[in-house]
Amino acid sequence: GPDIVPTLTTPRDASADDLTRIKGLGPRLAALLGEMGVTTFAQIAAWDEADIARIDGQLGRFAGRITRDQWVSQARLLADRDESAFSAQFGRNG
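Residues numbered from 1 in each chain as written. Predicted model: local features only at pLDDT ≥ 70, side-chain atom pairs only at ≥ 80, totals over all residues. Heavy atoms only, no water.

A. Region of the structure containing the pattern of salt bridges. In total, this model carries four salt bridges according to the counting rule given. Between R54 and D51 there is a salt bridge; the shortest N-O distance is 3.3 Å. Of this pair, R54 and D51 both sit in helix α3 (residues 49-56), three residues apart, which is roughly one turn of that helix. (Salt bridge = Lys/Arg side-chain N within 4 Å of Asp/Glu carboxyl O. Helix = DSSP H or I, 4+ residues; strand = E, 2+ residues; numbered from the N terminus.)

Written out as structure tokens, the structure reads:
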């Protein structure tokens, strides 16, 4: 029933974004990032090479996804709430 809470979810605060909107970033990765304190598109949008390397090193079998799936570019558009540009660039390719 509804009383069963999945163990992967963390309490979302009101300012948290749905990181799974980023292509290539699923619930497991969103949970991992949440444990690192990453909960918003704006945070990911601000990552530089050093941040990417540091966080990529903590993703285990998901390593490489940040650059391969262009999380930072996606996060910038999502943080700007630029839905039309997001779907134009990332929405049609699966």
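Still more to cover.
B. Summary view of the environment of V72. Inspection of the secondary structure assignment puts V72 in helix α5 (residues 71-79). Taking the relative accessible area as the measure of exposure, V72 reaches 10% and is therefore buried. Separated by 25 residues in the primary sequence, V72 and W47 have C-alpha atoms spaced 6.9 Å apart. Excluding residues within four positions of it along the chain, V72 makes contact with I44, A45, W47 and I52. (Buried < 20%, exposed > 50% of the residue type's maximum accessible area, 1.4 Å probe, protein only. Contact = heavy atoms within 4.5 Å.)

In short, shape yes, function no, at least from these values alone.
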